[in-house]
Amino acid sequence: MADSTPKYSIILPTYNEKENLPICIWLIEKYLKEVSYEVIIVDDASPDGTQDVAKLLQKEYGENKILLKPRAGKLGLGTAYSHGLSFARGDFIILMDADLSHHPKFIPEMIALQQKYKLDIVTGTRYKAGGGVSGWDLKRKTISKGANFLAQFLLNPGVSDLTGSFRLYKRDVLAKLIAESVSKGYVFQMEMMFRAKKSGYRIGEVPITFVDRFFGVSKLGSQEIVDYAKGLLYLFAFVCFNRKFLFMNYLSAFRLLVHCSLPLILLVLVSIQCKSKSQTRQVHKSKMTSKKSSIEKKPKEPVAPAIQSDPAGVTPKNEEEPALKEEYFEDQNDDDTLVCVKSIEN
């Protein structure tokens, strides 16, 4: 870095991201070469060796640029940001996921927008022109849009994507919002943006393409949906009672709360159904794998490989991964990254 004190601090909470983390850091370096930044990896004791990968990245990029600040276990997203913030040296803090769902190419756009209008917060949005989602099935998209619609309807936050987590904050603004917020998990992001808007902070939006995680398993489950519903109702009650809407008495507020909770209950039921079907597919897949392995134990004649060696020097782990990767990086218009992925796999 040209300057020993970075202007931007990127906080990356991680849990079981050993495969995604190197690509994420490589992309950050690619798109922020002209920016003074540091990356703070807050790992919650990942059992897959994420911290070992982070240490290798420190050797590659320098310990002054890649900071590893692990914790004893999974203690919540809000405390992860607070933990990372305590080590951050930048005047601006960037929050993003390490699973490649947030492409670092949007960070320069966030920085430019903040500088142009002197904004307190810049948030990535999936729900404005130019934004979108890739890699989700219809049910996942329905759940996400339904959750965001309910948040917009109940809270009227003035931000198109209240549940997103790809954001740039002024350091003091983020510290204040973290101190005020009481929610945990995915609701934490929603509460911070809700409080920011109510406090009068200047907020800008940059359309982003959100892509489903590349490696590993999504951490969003039915419990997170339930927590989201609880958090949304809590914030709704905050609006109704703490802000003292004079046209609404307690009884009418309670009735509206019950009425609006019905779509939330349906949202939770859909999530549970999706999880149940996913578990059924995993059990079926496990049985098929077990059956296949028992068959493979039988001695058989050596067979010459039917497929020639991959001209790119990469043998795919399964038939779905190469197509998925190529589609992902074609969507992102980033061919160089695919080369990086293949080199890391080797």
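If you're wondering where the values come from, they're calculated on a predicted model, not measured in any experiment. (Residues numbered from 1 in each chain as written. Predicted model: local features only at pLDDT ≥ 70, side-chain atom pairs only at ≥ 80, totals over all residues. Heavy atoms only, no water.)

A closer look at the packing of aromatic side chains
What counts here: Centres within 6.5 Å are what make two rings of Phe, Tyr or Trp a pair, Trp counting through its six-membered ring; a difference in plane orientation under 30 degrees is then read as stacked, over 60 as edge-to-face, and the rest as tilted. Per the convention used, a helix needs a DSSP run of H or I reaching at least four residues, while a strand needs a run of E reaching at least two, with both numbered from the N terminus. Note on classification: 1.4 Å probe, protein chains only; a residue is buried when its accessible area is under 20% of the maximum for its type, exposed when over 50%, partly exposed between these limits. Counting as a charge over the ring demands two things of the Lys NZ or Arg CZ atom: a distance within 6 Å of the ring centre and an angle within 35 degrees of the ring normal.
Counted according to the given criterion, the structure contains two aromatic pairs. Relative to Phe188, the ring of Tyr81 has its centre 6.2 Å away and its plane inclined at 35°; by these criteria the two rings are tilted. Taken together, the residues span a long stretch of sequence, with Tyr81 in helix α3 (residues 77–85) and Phe188 in helix α7 (residues 187–198) at a distance of 107 residues. Each member of the pair Tyr81 and Phe188 is classed as buried. When the ring centre of Tyr15 is taken as origin, the NZ or CZ atom of Lys74, which lies over that ring, is 4.4 Å away. Sitting over the ring of Phe210, Arg126 keeps its end group 5.4 Å from the ring centre.

As for the sheet that holds strand β3 (residues 66–68)
Put simply, the rule reads: Two strands pair under a simple rule: DSSP has to find at least two bridges between them. Axis geometry follows a simple rule: fit a line to the C-alpha atoms, using only the stretch in contact for helices, then measure angles between N-to-C directions, giving values from 0 to 180 degrees.
On the basis of which strands lie adjacent, the open sheet formed by seven strands has the order β3-β2-β1-β4-β7-β5-β8 and mixed pairing. Only two strands of the sheet have a single partner each, and these edge strands are β3 and β8 (203–207). Geometrically, the sheet is characterised by an average inter-axis angle of 20° between neighbouring strands, direction not taken into account. Alignment of strand β5 (residues 121–125) against β8, held across five bridges, turns out to be parallel. By the bridge assignment for β8, Val122 is matched with Gly204.

Remarks on helix α4 (residues 107–117)
Worth spelling out the cut-off: Here the arc refers to the set of directions running from the helix axis out to each C-beta atom. We call two residues in contact when some of their heavy atoms are within 4.5 Å.
Listing the buried residues of α4 in full gives Ile107, Met110, Ile111, Leu113 and Gln114. Buried positions in α4, seen along its axis, are confined to an arc of 165° and lie on one side of it. As for α4, its buried residues are in contact with β1 (8–14), β4 (92–95), β5, β7 (167–170) and β8. Of the residues flanking the end of α4, it is Lys118, one or two places downstream, whose phi is positive at about 55°.

Quick look at the nonpolar core
For soluble globular proteins, the rule of thumb is that nonpolar side chains tend to be buried together. Convention followed: To qualify as a nonpolar core, a set must consist of buried Ala, Val, Leu, Ile, Met, Phe, Trp, Tyr and Cys residues joined through side-chain atoms within 4.5 Å.
In terms of nonpolar packing, the biggest core is built from 34 residues, with Ile10, Leu12, Ile28 and Val39 touching the most fellow members. Looking at this core, the elements with two or more residues in it are β1, α1 (20–31), β2 (37–43), α2 (50–61), β3, β4 and α4. Looking at this core element by element, the count peaks at six residues for α1. Formed by 30 residues, the second largest nonpolar core is a distinct cluster that contains Tyr81, Leu85, Leu155 and Met192.

Structural notes on the packing of α1 against α2
How two helices pack is summed up by the angle between their axes together with the distance between the axes. Threshold: Each angle gets one of four labels, with under 35 degrees taken as roughly parallel, over 145 as roughly antiparallel, 65 to 115 as roughly perpendicular, and the rest as oblique. By definition, turning the near helix anticlockwise from the far helix through less than a right angle yields a left-handed crossing, and turning it clockwise yields a right-handed one.
Relative orientation of the contacting elements α1 and α2 amounts to 30°, with a least axis distance of 10 Å. It follows from the interaxial angle that α1 and α2 lie roughly parallel. When the axes of α1 and α2 are compared, the crossing they make is right-handed. Residues Leu21, Pro22, Ile25, Trp26 and Glu29 of α1 form the contact with α2, whose own contacting residues are Thr50, Val53, Ala54, Leu57 and Tyr61.

As for unusual backbone geometry
Positive phi values are uncommon outside glycine, yet Ala45 reaches one of about 55°. With respect to the helices and strands, the residue Ala45 is situated in the loop between β2 and α2. Note on Ala45: relative accessible area 32%, which makes it partly exposed. The backbone phi angle of Lys118 is positive, close to 55°, even though this residue is not glycine. Within the secondary structure, Lys118 sits in the loop between α4 and β5. Under the relative-accessibility criterion, Lys118 is labelled exposed at 52%.

Considerations on α7
Here is the rule we go by: Take the number of residues in a helix, subtract one, and multiply by 1.5 Å to get its expected span.
Taking 1.5 Å as the rise per residue, α7 with 12 residues should run 16 Å; its terminal C-alpha atoms sit 17 Å apart, in good agreement. In terms of residue burial, α7 counts as a mostly covered element, since 10 of its 12 residues are buried. Along α7, the residues that are buried comprise Val187, Phe188, Gln189, Met190, Glu191, Met192, Met193, Phe194, Arg195 and Ala196. A positive backbone phi angle near 85° is found at Gly200, which sits one or two residues after α7.

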